[in-house]
Amino acid sequence: MKRDRKLTKKIIAGKYKGKTLTLPSKTTTRSSKAIVLESFFNTLQFDIVDANFVEVFSGSGSIGLEALSRGAKKIYFMEKDKDALRVLKSNIALTDPSACEVYGGDSFSNIKEITARLQKNSQEAYFYIDPPFSIREGMEDIYDKTMDLIENLPCEVVSLLIIEHMSSLKIPEKLGDFTVKKTKKFGNTSLTYMDCKNME
């Protein structure tokens, strides 16, 4: 009986298409579904090229590494879980580590350092926020903390904000300077897009 078979997923498109990424244990992180990933990158399309990308609660890094594969310039990863962090770094090694920065520890603290860096360099980034589902033990307040994080993001560094969340959770229409532009549902998972600019 195989007990330690690794969970994996492949990069879908771009420079690193077909590279196999290892996924952390399901008990520590939750991997984004392929259909969610495809929809997200179909929405962004070529806007991702030469962009900065921040993956909050990175897990395996599959979203950020997909962005890198599709032409993003710089990826910032944030992950607290030590096992997931180890897997994340091994996945990054399969691509271009020089284009990636990893912040271990609490994402709610590390986000401030990343936004300060972006502000200092007068840069914007896409922020993909995929918090652990609140049904996990010890995560009951995760969405409240995530909403606070969004409310405090400086508008000038955000190209677009994307939240992956349980479909049962309704994201407020307005959080700080950010307004919901659209939500797409994929069964139990939804993607909500927010920004603080007037989009046509």
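Computed from a prediction, not measured in an experiment: that's the story for all the values here. (Residues numbered from 1 in each chain as written. Predicted model: local features only at pLDDT ≥ 70, side-chain atom pairs only at ≥ 80, totals over all residues. Heavy atoms only, no water.)

Engineer: If you had to explain the packing of helix α1 (residues 34–44) against helix α2 (residues 62–69) to someone new, which residues and values would you point to?
Structural biologist: Contact geometry for α1 and α2: axes closest at 11 Å, N-to-C directions at 40°. Judged by the angle between their axes, α1 and α2 are oblique. Considering how the two elements wind past one another, α1 and α2 form a crossing that is right-handed. Contacts from Leu 37, Phe 40 and Phe 41 in α1 reach Ile 63, Glu 66 and Ala 67 in α2. Residues belonging to the contact of α1 with α2 are distributed by class as follows: five nonpolar, no polar and one charged. (Axes fitted to C-alpha atoms, helices over the stretch in contact; angles between N-to-C directions. Helix = DSSP H or I, 4+ residues; strand = E, 2+ residues; numbered from the N terminus. Parallel < 35°, antiparallel > 145°, perpendicular 65-115°, else oblique. Left-handed = near helix turned anticlockwise from the far one by under 90°. Contact = heavy atoms within 4.5 Å. Nonpolar A, V, L, I, M, F, W, Y, C, P; charged D, E, K, R; others polar.)

Engineer: How would you summarise the packing of helix α4 (residues 107–120) against helix α5 (residues 142–151) if you had to cite specific residues and measurements?
Structural biologist: For the pair α4 and α5, interaxial distance at closest approach is 11 Å and the crossing angle is 15°. With respect to α5, the element α4 is oriented roughly parallel. The element α4 and its partner α5 pack so that their crossing is right-handed. Judged by residue contacts, Ser 107, Phe 108 and Ile 111 of α4 engage Ile 142, Lys 145, Thr 146 and Leu 149 from α5.

Engineer: Tell me about α4, residues and numbers included.
Structural biologist: Over its 14 residues, α4 extends 20 Å from the first C-alpha to the last, a length consistent with the 20 Å expected when each residue adds 1.5 Å. Within α4, burial applies to Ser 107, Phe 108, Asn 110, Ile 111, Ile 114, Thr 115 and Leu 118. The buried residues of α4 occupy an angular sector of 150° when projected down its axis, which confines them to one face. Every exposed residue of α4 that faces more than 90 degrees away from the buried side is listed here: Lys 112 and Lys 120. Where α4 is buried, its residues touch β3 (52–56), β4 (74–79), β5 (100–104), β6 (125–129) and α5. (Expected span 1.5 Å × (residues − 1). Buried < 20%, exposed > 50% of the residue type's maximum accessible area, 1.4 Å probe, protein only. Arc of directions from axis to C-beta.)

Engineer: Explain the pattern of salt bridges residue by residue, including any values.
Structural biologist: In total, this model carries six salt bridges according to the counting rule given. Close ionic contact of Arg 70 with Glu 66 constitutes a salt bridge, the shortest N to O distance being 2.8 Å. Exposure remark for Glu 66: the relative accessible area of 1% places this residue in the buried category. In this structure, the salt-bridge partner of Arg 117 is Glu 101, at a minimum N-O distance of 2.8 Å. (Salt bridge = Lys/Arg side-chain N within 4 Å of Asp/Glu carboxyl O.)

Any functional reading would require information beyond the geometric quantities listed.
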